[in-house]
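Architecture at a glance
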Amino acid sequence: MIAVTINGRRVDVEPGTTVAAAVMRGQAGFRRSVTGELRGPLCGMGICMECRVTLNGRPHERSCQLLCAEGMEIATDA
Amino acid sequence: MPSTLVIGGGPAGLAAAWAAVQSGDAVTLLDDNPALGGQIWRGEIPARYRRFLDPRITIRTGVQIHSATQLPKADRIILATGTRERFLPFPGWTLPHVLGAGGLQAMVKSGLPIAGKRVVVAGAGPLLLAVAAYLRKRGAKIVLVAEQAPYQRVSRFTQSLWRTPGKLLQAAQLALGLRYRTDAWPLRADPGSVTIQGHGVLPCDYLACGFGLVTNTELPELLGCRVDTGAVITDSKQRTTVPHIHFAGAGSVDRSILEGQIAGFDLERARALYPARDAAVRFDRRIDEAFQLRSELSTLATPETIICRCEDVPFSAVWQQRDWRSAKLQTRCGMGPCQGRICGPALEHLCGWPAASVRPPIFPTRLENLLDLRD
Ligand SMILES: Cc1cc2nc3c(=O)[nH]c(=O)nc-3n(C[C@H](O)[C@H](O)[C@H](O)COP(=O)(O)OP(=O)(O)OC[C@H]3O[C@@H](n4cnc5c(N)ncnc54)[C@H](O)[C@@H]3O)c2cc1C
Ligand code: FES
């Protein structure tokens, strides 16, 4: 198992789990749109940008295109 | 040794890279995804195709190509950038429980537990059945598979396949035990439910919804290849209008593999595959005809429905625009981080606008990502 932190909470996931799948286990919304709507992943393939999260301090990372790695810190703005 | 660069590691790109290596080229393959295999295989390449992973191919995953300057030097480029789903706006389509059909499948394949969840699968095309069957195998409760196409068209197609009326539909309903209905499409989604034409309000944990596939033409266009009505123009050898650039794939798996091989092989070996490829192309055309989008789907969006999810542009702001270009300039529709990849194909259907041409970089990117990959 791989341990990551999502909004300060520790979560264990199987190897091969994307950051998006790890976040979706616990919450539906990933971000707020420009008018404040709650949004989550749509395409699952790196195109729509709805799954963006802050990863190890770097904002706007597409979580569906990234695999969880030990110790990763993931933050969502919703 | 001549060098070949392949962009895209789905069935088409893998077949192309393998064929090019057999023809004696030095081959590099790049893909955006963390795993090879494209949309259908996603890291799990079936045993009979594993030979495509020839150790002589230099493979780099997690690399996204968004501008021409970033391309490593090569004598020949084979673009195999695949497809994405078409999404059509309807009230509630931006809610977090609404995902693409392939989108939800991708999430489940990459670690989202789905056992016990109620899922409505809706939209257009055979992908709906493939997704529903997959999700069910992983323990999801498939409430309904709603296909927008009329019964007559779908059954004519299945009859042409099996000669026994409705065999494929029966197979879907009986063998897979799926509730598959034609003439059914989403009217609106609300938190925890979806309303389907002819089937009322259906409570669900997820709505998996996609209206067919569109070809990713952005990179070919950026490199100067001619694109017409959503397709990259190629000759029988899969050559685009730019001399050293080929394009392969974006069809059904069999066709994509054949096109990849044709692009990668030398002319003589490629020629032997033309008849099989042409048959596969004809089959894909029949699918496209059978699952064509009905006109009612362009009336689902209300004035308040958001069309551009990046900039939250409502339908009322874009419908009076003349074309895609003026919508971009006047409303910022298509100007956000997805660069019109989602709203472009939607507006094509809603307003009949063809997508406008692309300018680099085709993906917004952090500066560090624009660093040259040529080394
Ligand atoms: C979301 C989705 C799910 C699908 N699921 C199924 C299914 O379950 N069953 C089925 O029969 N068919 C499915 N299909 C259809 C299937 O994709 C095609 O039948 C076939 O796989 C096409 O192969 P391809 O190699 O042309 O494209 P793809 O498999 O799409 O591969 C293209 C590859 O190119 C990469 N790429 C694209 N642009 C760039 C770039 N600029 N830089 C770097 N890399 C790039 C992509 O990341 C991708 O890995 C699905 C399609 C989609 C869009
Ligand atoms: S879900 Fe669309 S980019 Fe990640």
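Quick summary incoming for the structure in this document.

Here's the deal with the overall build of chain B
For chain B, the helix and strand inventory stands at 13 helices and 19 strands. Computed over C-alpha atoms, the radius of gyration of chain B comes to 21 Å, within 12% of the 21 Å expected from 2.2 N^0.38 for 375 residues, which places it in the range of a compact globule. Along the longest, intermediate and shortest principal axes, the C-alpha atoms of chain B span 65 × 55 × 35 Å. Every one of the 375 residues in chain B was classed for burial, and the buried ones make up 54%. Looking at chain B alone, contacts between residues at least 24 apart form 67% of all its contacts between residues at least 6 apart.

Some remarks on the interface of chain B and chain A
In this assembly, 35 residues from chain B lie in contact with 34 residues from chain A. Regarding the contact of chain B and chain A, the summed buried area is about 2,800 Å², with carbon and sulfur atoms giving 58% of it. Together, Pro96(B), Met107(B) and Arg309(B) form the three largest contributors to the area buried by chain B at its contact with chain A, with a combined 21%. For the pair chain B and chain A, the number of links is three salt bridges. Note that Asp312(B) is salt-bridged to Arg39(A), the shortest N-O span being 2.8 Å. Sorting elements by how many residues they give to the side of chain B that touches chain A places helix H3 (residues 101-109) of chain B first, with three residues. Partitioning the side of chain B that touches chain A into residue classes produces 17 nonpolar, ten polar and eight charged.

Re the nonpolar core
Residue and element names in this part refer to chain B. One finds Leu104, Val119, Leu135 and Ile142 to be the most contacted residues of the largest nonpolar core, which totals 47 residues. Discounting residues that sit within four places of it in the chain, Val119 has contacts with Leu104, Ile114, Leu135, Ala140, Lys141, Ile142, Val143, Leu144, Tyr206 and Ala208. Core analysis: the second largest hydrophobic core is formed by 45 residues, Phe87, Val194, Cys204 and Cys338 among them.

Regarding unusual backbone geometry
Residues and elements named next belong to chain A. Phi at Asn56 takes a positive value of approximately 45°, unusual for a residue other than glycine. Positionally, Asn56 belongs in the loop between strand E5 (52-55) and strand E6 (58-62). Residues other than glycine seldom take positive phi values, yet His60 does so here, at roughly 60°. Relative to the helices and strands, His60 is located in strand E6. Residue His60 is classed as exposed on the basis of its relative accessible area, which comes to 57%.

Focus: the sheet that holds strand E9 (residues 180-181) of chain B
All names here are of chain B. Strand order in the open sheet formed by five strands is E6-E13-E7-E8-E9, with parallel pairing between adjacent strands. Looking along the sheet, the strands with just one partner apiece sit at the ends: strand E6 (98-99) and E9. Both E6 and strand E13 (residues 206-211) contribute to a ladder of two bridges, which runs parallel. Bridge pairing links Val98 to Leu207 in E13. H3 contacts E6, strand E7 (118-124) and E13 of the sheet and is inclined by roughly 125° relative to E13.

So, the environment of Leu267(B)
All names here are of chain B. Residue position: Leu267 is located in helix H9 (residues 267-271). When the C-alpha atoms of Leu267 and Lys237 are compared, they prove to be 7.4 Å apart, with 30 residues separating the residues in sequence. Each residue touching Leu267, except ones within four places of it in the same chain, is listed here: Lys237 and Tyr274.

Topic: the packing of aromatic side chains
Residues and elements named next belong to chain B. With the rule as written, the count across this model stands at seven aromatic pairs over all chains. Ring centres 5.2 Å apart and planes at 25° place the aromatic pair Trp41 and Tyr49 in the stacked group. When sorted by exposure, Trp41 lands in the same class as Tyr49, which is buried. Judged by centre distance (5.9 Å) and plane angle (75°), the ring pair of Phe157 and Phe291 falls under edge-to-face. With Phe157 in helix H5 (residues 151-162) and Phe291 in the loop between helix H10 (274-290) and strand E18 (306-308), this residue pair connects regions lying 134 residues apart in the sequence. Both residues of the pair, Phe157 and Phe291, belong to the buried class. Ring pairing ties together the aromatic residues Trp18, Trp41, Tyr49, Phe52 and Phe265, which thus form one cluster. Lying over the aromatic face of Trp18, Arg51 brings its terminal NZ or CZ to 4.7 Å of the ring centre. Here Lys109 stacks its cationic end above the ring of Tyr134, 5.4 Å away from the centre of that ring.

About the thresholds
Residues numbered from 1 in each chain as written. Chains lettered and ligands numbered in written order. Predicted model: local features only at pLDDT ≥ 70, side-chain atom pairs only at ≥ 80, totals over all residues. Heavy atoms only, no water. Helix = DSSP H or I, 4+ residues; strand = E, 2+ residues; numbered from the N terminus. Rg over C-alpha atoms; globule rule 2.2 N^0.38 Å. Buried < 20%, exposed > 50% of the residue type's maximum accessible area, 1.4 Å probe, protein only. Contact = heavy atoms within 4.5 Å. Buried area = accessible area lost by both parts, 1.4 Å probe. Salt bridge = Lys/Arg side-chain N within 4 Å of Asp/Glu carboxyl O. Nonpolar A, V, L, I, M, F, W, Y, C, P; charged D, E, K, R; others polar. Core = buried A, V, L, I, M, F, W, Y, C linked by side-chain atoms within 4.5 Å. Pairing = 2+ DSSP bridges. Axes fitted to C-alpha atoms, helices over the stretch in contact; angles between N-to-C directions. Phe/Tyr/Trp six-rings, centres within 6.5 Å; stacked < 30°, edge-to-face > 60°. Lys NZ or Arg CZ within 6 Å of the ring centre and 35° of its normal.

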